[in-house]
Amino acid sequence: MYHSWLDRWDERRAQRGEEGKKTSDLVLDAERAFPDAKNVATIEEFCVLADQAVTDPAYFDAPGGSNQGFERQDGWLKFPSDISTDVEVNNVVWAKITESGSFDQALVIFHHWNASGRNRQIADFFSHRGVTVVEVAMPYHLERSRPGSMHADYMLSPNLGRTIQSVRQAVWDGRKLIRWLKSEGYREISVLGMSLGSWVAGVIAAHDSAVSKASLFLTAGSLADMVWTGRATRLIRDSLEPEIELSDLRRAWGPLNMENYVHRLARPDLDLHVVLAKRDKVVLPELSERFMQRLKDAGAKPTILELNCGHYSLAMPPYILLAGLSLKRLLSCADKSARRI
């Protein structure tokens, strides 16, 4: 009875997320994803460039440089993004810093898609336990929202190139922030990603050795499969399906597929922690299970917490409490340990 109510609650939450949204046309926009692209007119041409990006170890390497441009005031940090878009407010990154009074550890949090605010409870909980928390706004979200838009529909959409550019921008922004935190003296950097944010946090952890711990909530490997099968992205699939098959979407969004980076995520100096929802209709459990298996096949030993809730109801007690305590154990652990909960 309780779980039936929980499923209905999740469905109502998903319906609210659809309000005001419409289907739109598939757009390639290859030059956004691959700046050297020219005259890309077909999905196959786009996929060839995506295949090349997957094998390019530097694709998610942000330009090197100094920490100039960072401004910190009253608990806020802002700095210029190294990717420039046609939405001016999106080109400045904002982050809320909740200090712990210690430089031992900083936790960078990447929120979920269409987030409308930050999570003060998480920030306060960990800052009181010696972890400085930095909550960064992902592209087209929060302070970076496109004027007049109700949703962050530019970050994840039927525009194939802009979706890649947006996730790549989030990765570059996150890595730039991590460099700044290291320059400020923070000794250990951890990342936490929630839902869409888990793809950003995971790609960062795979490509940046400065990250020693990564926690991925409600995650899977293939963003294409998540969009194609997930409840929250039904309108995106409706827009894509008349023009592209899932097999081609997997190739087109190959650079965003964490299954392509499992060997990087399996590096021995990375503690990997995952929280999954058994009743998830947004990130289907079979997609998460496939990703977990590929991680293990690559030699990773993630700590996995599976809770009997849905995607949105993870935010409800007791599930969020259990997830938070599991994350606390990860951040409190000095040595790498592998266990399944």
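Above this text is the structure in question.
Note that the structure is a prediction, hence the values are computed from the model and not measured.

(A) Layout of the overall build of the protein. Broken down by element type, the protein carries 12 helices and nine strands. For the protein, whose C-alpha radius of gyration is 19 Å, the value lies close to the compact-globule estimate of 20 Å for 341 residues. Taken over the C-alpha atoms alone, the protein extends approximately 55 × 50 × 40 Å along its principal axes. For the protein, the residues scored as buried account for 56% of the 341 residues in total. For the protein, long-range pairs separated by at least 24 residues make up 76% of all intrachain contacts whose partners lie at least 6 apart in sequence. Accessible surface for the protein amounts to roughly 14700 Å². Of this, 50% is attributable to carbon and sulfur atoms.

(B) The arrangement of the packing of aromatic side chains in detail. All chains considered together, the criterion is met by 10 aromatic pairs. Aromatic pair W76 and W94: ring centres 6.2 Å apart, planes at 75°, arrangement edge-to-face. With W76 in strand 2 (residues 76-80) and W94 in strand 3 (residues 92-98), this pair connects stretches of sequence that are 18 residues apart. Assessed through its relative accessible area of 28%, W76 is described here as partly exposed. Residue W94 is classed as partly exposed on the basis of its relative accessible area of 25%. A centroid spacing of 4.7 Å and a plane angle of 40° characterise the contact between F103 and Y186, whose relative ring orientation is tilted. A residue pair is termed long-range when its members are at least 10 positions apart, and F103 in the loop between strand 3 and strand 4 (105-110) and Y186 in the loop between helix 5 (160-183) and strand 6 (188-194) qualify at 83 residues. Taking relative accessible area as the criterion, F103 reaches 39% and is therefore assigned partly exposed. A residue is classified by how much of its surface remains accessible, and Y186, at 3% relative accessible area, is buried. Connected via pairs of aromatic rings, a cluster forms that spans F34, F46, Y59, F60 and Y261. A cation sits over an aromatic face here: R162 above Y154, 3.5 Å from the ring centre.

(C) Looking closely at the packing of helix 5 against helix 6 (residues 196-207). Their axes nearest at 9 Å, the elements helix 5 and helix 6 cross at an angle of 55°. Between helix 5 and helix 6, the crossing angle belongs to the class labelled oblique. In this structure, the crossing between helix 5 and helix 6 has a hand that is right-handed. Residues V167, A170, V171, G174, R175 and I178 of helix 5 form the contact with helix 6, whose participating residues are V200, V203, I204 and H207. In the contact of helix 5 with helix 6, the residues fall into seven nonpolar, two polar and one charged.

(D) Highlighting the pattern of salt bridges. What the rule picks out here adds up to 22 salt bridges. Measuring nitrogen to oxygen at the nearest pair gives 2.6 Å for the salt bridge that ties R32 to D29. Each of the two residues, R32 as well as D29, counts as buried. The salt bridge involving K213 is made with E188; its shortest N-O contact spans 3.5 Å. Separated by 25 residues along the polypeptide, K213 in strand 7 (residues 211-217) and E188 in strand 6 bring together distant segments of the chain. Overall, E188 belongs to the partly exposed group, its relative accessible area being 23%. Among the charged side chains, a salt-bridge network with shared partners connects D225, R250, E259, R290 and R294.

(E) Molecular detail of unusual backbone geometry. Looking along the chain, the bond that leaves P317 and enters P318 is cis, with omega of 5°. With respect to the helices, strands and loops of the structure, P318 is situated in the loop between strand 9 (303-307) and helix 12 (319-332). Located in the positive-phi region is S195, a residue other than glycine, with phi close to 55°. By the secondary structure assignment, S195 is in the loop between strand 6 and helix 6. Although it is not a glycine, L218 sits at a positive phi angle of roughly 60°. With respect to the helices and strands, L218 occurs in the loop between strand 7 and helix 7 (223-229).

(F) Fine view of the pairing of strand 6. Of all seven residues making up strand 6, six are buried, and the element is well covered by its neighbours. Pairing between strand 4 and strand 6: six bridges, direction parallel. Its bridge partner lying in strand 6, V108 is registered against V191. Relative to strand 7, strand 6 runs parallel, the two sharing six bridges.

(G) Main features of the environment of F60. Counting through the fold element by element, F60 comes out in the loop between helix 3 (43-55) and strand 1 (71-73). Taking relative accessible area as the criterion, F60 reaches 1% and is therefore assigned buried. Every residue in contact with F60, bar those within four places of it in the chain, is listed here: R168, V171, W172, R175, V203, H207, P255, L256 and Y261.

Cut-offs used in this document
Residues numbered from 1 in each chain as written. Predicted model: local features only at pLDDT ≥ 70, side-chain atom pairs only at ≥ 80, totals over all residues. Heavy atoms only, no water. Helix = DSSP H or I, 4+ residues; strand = E, 2+ residues; numbered from the N terminus. Rg over C-alpha atoms; globule rule 2.2 N^0.38 Å. Buried < 20%, exposed > 50% of the residue type's maximum accessible area, 1.4 Å probe, protein only. Contact = heavy atoms within 4.5 Å. Areas by Shrake-Rupley, 256 points an atom, 1.4 Å probe, with all protein chains shown as cover. Phe/Tyr/Trp six-rings, centres within 6.5 Å; stacked < 30°, edge-to-face > 60°. Lys NZ or Arg CZ within 6 Å of the ring centre and 35° of its normal. Axes fitted to C-alpha atoms, helices over the stretch in contact; angles between N-to-C directions. Parallel < 35°, antiparallel > 145°, perpendicular 65-115°, else oblique. Left-handed = near helix turned anticlockwise from the far one by under 90°. Nonpolar A, V, L, I, M, F, W, Y, C, P; charged D, E, K, R; others polar. Salt bridge = Lys/Arg side-chain N within 4 Å of Asp/Glu carboxyl O. Pairing = 2+ DSSP bridges.

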